[in-house]
Amino acid sequence: MPGRGALIVLEGCDRVGKTTQASKLLEKLQHRGIPTQLLKFPDRSTSTGQIINSYLTRKMDLPDKTVHLLFSANRWESEPQMKKLLNSGVTLIVDRYSHSGVAFSAAKNEMSIHWCYQPEIGLPKPDLVLFLTLNETAISKRSGFGDERYENSEFLKKVASNFQRLKDDAWKIIDADKDIETLNKELLLHVEKVIESVKDTHLSYFDP
Ligand code: 2DT
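These figures come from a predicted structure and were not determined experimentally.

Visitor: Run through the pairing of strand β4 (residues 128-133), naming residues and quoting values.
Guide: Of all the 6 residues making up β4, 5 are buried; the element is thus mostly covered by neighbouring parts of the structure. Bridge count between β4 and strand β5 (residues 171-175): 5 bridges; the pairing is parallel. Directly across from valine 129, in β5, lies its bridge partner tryptophan 171.

Visitor: Which residues make up the packing of helix α2 (residues 47-56) against helix α3 (residues 64-87), and what values do they have?
Guide: To characterise two packed helices, one gives the angle between the axes of the helices and the distance between these axes. Orientation of α2 relative to α3, taken along the N-to-C sense of each, is 145°, at an axis distance of 9 Å. Handedness of the α2/α3 crossing: left-handed. Contact residues: α2 offers Thr48, Gly49, Ile51, Ile52 and Tyr55, while α3 offers Val67, Leu70, Phe71, Ala73, Asn74 and Glu77.

Visitor: Run through helix α4 (residues 98-106), naming residues and quoting values.
Guide: Of all 9 residues that make up α4, 9 are buried, and the element is covered over most of its length. Of all the positions in α4, only Ser98, His99, Ser100, Gly101, Val102, Ala103, Phe104, Ser105 and Ala106 are classed as buried. Buried residues belonging to α4 abut β1 (7-12), α3, α5 (113-117), β4 and α7 (153-166).

Visitor: Hey, could you go over the site of the ligand for me, with residue numbers and the actual values?
Guide: Contacts to the ligand come from Phe41, Pro42, Leu56, Phe71, Arg96, Ser100, Gly101, Phe104, Ser105 and Tyr150. Residues that form the shell around the ligand fall into these classes: 6 nonpolar, 3 polar and 1 charged.

Visitor: Got a sec to walk through the sheet that holds β5? Specific residues and values, please.
Guide: Ordered by their spatial adjacency, 5 strands build an open sheet running β2-β3-β1-β4-β5, and the pairing between neighbours is parallel. Each having just a single partner strand, β2 (36-40) and β5 make up the two edges of the open sheet. Looking at each pair of strands side by side, their axes are set apart by 20° on average, direction ignored. When β1 meets β4, the two strands line up parallel, connected through 5 bridges. For glutamate 11, the partnering residue across the bridge sits in β4 and is phenylalanine 131. Relative to β4, helix α8 (residues 180-198) is tilted by about 170°, and along the sheet it contacts β1, β3 (91-95), β4 and β5.

Visitor: Before we move on, can you summarise the nonpolar core with the specific residues and values?
Guide: Of all hydrophobic cores here, the largest spans 39 residues; its most connected members are Ile8, Leu92, Val94 and Leu130. No other element matches the 6 residues that α8 contributes to this core. Non-local contacts of isoleucine 8, meaning those with residues more than four positions away in its chain, are made with Thr91, Leu92, Ile93, Val94, Pro126, Asp127, Leu128, Leu130, Val191 and Val194.

Visitor: Explain the UniProt feature "domain: Thymidylate kinase-like" (unreviewed entry) in the protein residue by residue, including any values.
Guide: On the UniProt side, "domain: Thymidylate kinase-like" (unreviewed entry) is annotated at positions that read residues 10-186 here. As annotated, residues 10-186 has a helix share of 50% and a strand share of 14%, and its two end C-alpha atoms lie 13 Å apart.

Visitor: Please provide a residue-by-residue account of unusual backbone geometry, values included.
Guide: Note that the residue after phenylalanine 41, namely proline 42, is joined by a cis bond; omega there is 0°. Examined against the element boundaries, proline 42 turns out to sit in the loop between β2 and α2. Unlike most non-glycine residues, tyrosine 150 shows phi in positive territory, near 80°. With respect to the helices and strands, the residue tyrosine 150 is situated in the loop between α6 (136-141) and α7. Residue tyrosine 150 is classed as partly exposed on the basis of its C-beta count, with 13 C-beta atoms lying within 10 Å.

Visitor: Can you break down the environment of asparagine 109 residue by residue, with the values?
Guide: Take asparagine 109: it is sitting in the loop between α4 and α5. Each C-alpha atom, one on asparagine 109 and one on lysine 84, is 36 Å from the other, the two residues being 25 residues apart in sequence.

Visitor: Describe the confidence of the model for the protein, and please don't skip the residues or the numbers.
Guide: Caution applies to low-pLDDT regions: their predicted coordinates should not be interpreted in detail. Per-residue confidence for the protein gives a mean pLDDT of 95; residues scoring 70 or more make up 99%. Here the prediction assigns the complex a pTM of 0.96, and the interface score ipTM is 0.99.

Visitor: Explain the pairing of β3 to me, using residue names and the numbers behind them.
Guide: Among the 5 residues in β3, 5 count as buried, and that is most of the element. Both faces of β3 are covered, namely the face carrying Thr91, Ile93 and Asp95 and the face carrying Leu92 and Val94. For β2 and β3, the ladder comprises 5 bridges, and the chain directions are parallel. Paired with glutamine 37 across the bridge in β3 is leucine 92.

Thresholds applied
- Residues numbered from 1 in each chain as written.
- Predicted model: local features only at pLDDT ≥ 70, side-chain atom pairs only at ≥ 80, totals over all residues.
- Buried ≥ 20, exposed ≤ 12 C-beta atoms within 10 Å, placed from the backbone.
- Helix = DSSP H or I, 4+ residues; strand = E, 2+ residues; numbered from the N terminus.
- Pairing = 2+ DSSP bridges.
- Axes fitted to C-alpha atoms, helices over the stretch in contact; angles between N-to-C directions.
- Left-handed = near helix turned anticlockwise from the far one by under 90°.
- Contact = placed C-beta atoms within 7 Å.
- Near = placed C-beta within 6 Å.
- Nonpolar A, V, L, I, M, F, W, Y, C, P; charged D, E, K, R; others polar.
- Core = buried A, V, L, I, M, F, W, Y, C linked by C-beta atoms within 7 Å.
- UniProt positions renumbered as here; feature names shortened; annotations may be inferred.
- pLDDT = per-residue confidence, 0-100.

Written out as structure tokens, the structure reads:
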């Protein structure tokens, strides 16, 4: 069996530095000759992504369940390509994935975590979830919210508590209150270990 790539996801609340860390990981892995690609969800460039973008930027209102399913459909749009890449040995660094999907939608109170998880069943399951955390004081020192939906502290507190309920063995909880390079070195250690340990295994999937 040819070695497969690893599915590595960065998760966490707003302003913890996921996007910066994801691109730095990509750069370093590529520099080491490890085939790697970066993905970000929601992917606002696709047809579902454009609707999601209109929703997030408040140009459009949609019922909560509809939006939830669109976020999931946005991942399913990428699923064939993700599987192909992973099985051909490419490691994927993913900036937000199914756990954001569940944690954010379930914070609206209308949908349970169980309900929110159902459309994720069958998607490739991350080999590693790097969950970046920051304490309140550290968060308040970072630049403020924009004006997209979800960018308010009360809502994000509920999201954070939902994330706590989704943890499993693939998660590493990382204190992100460090300078960019120090944090990136720490993440890279976890990433390299996982790339090595999964290369001769089969991809797994979210199960019921
Ligand atoms: P970004 O700021 O990272 O672009 O995210 N979200 C994200 C959901 O509600 N469901 C999902 O499935 C995903 C991937 C998190 C924009 C917002 O969209 C939220 C913040």
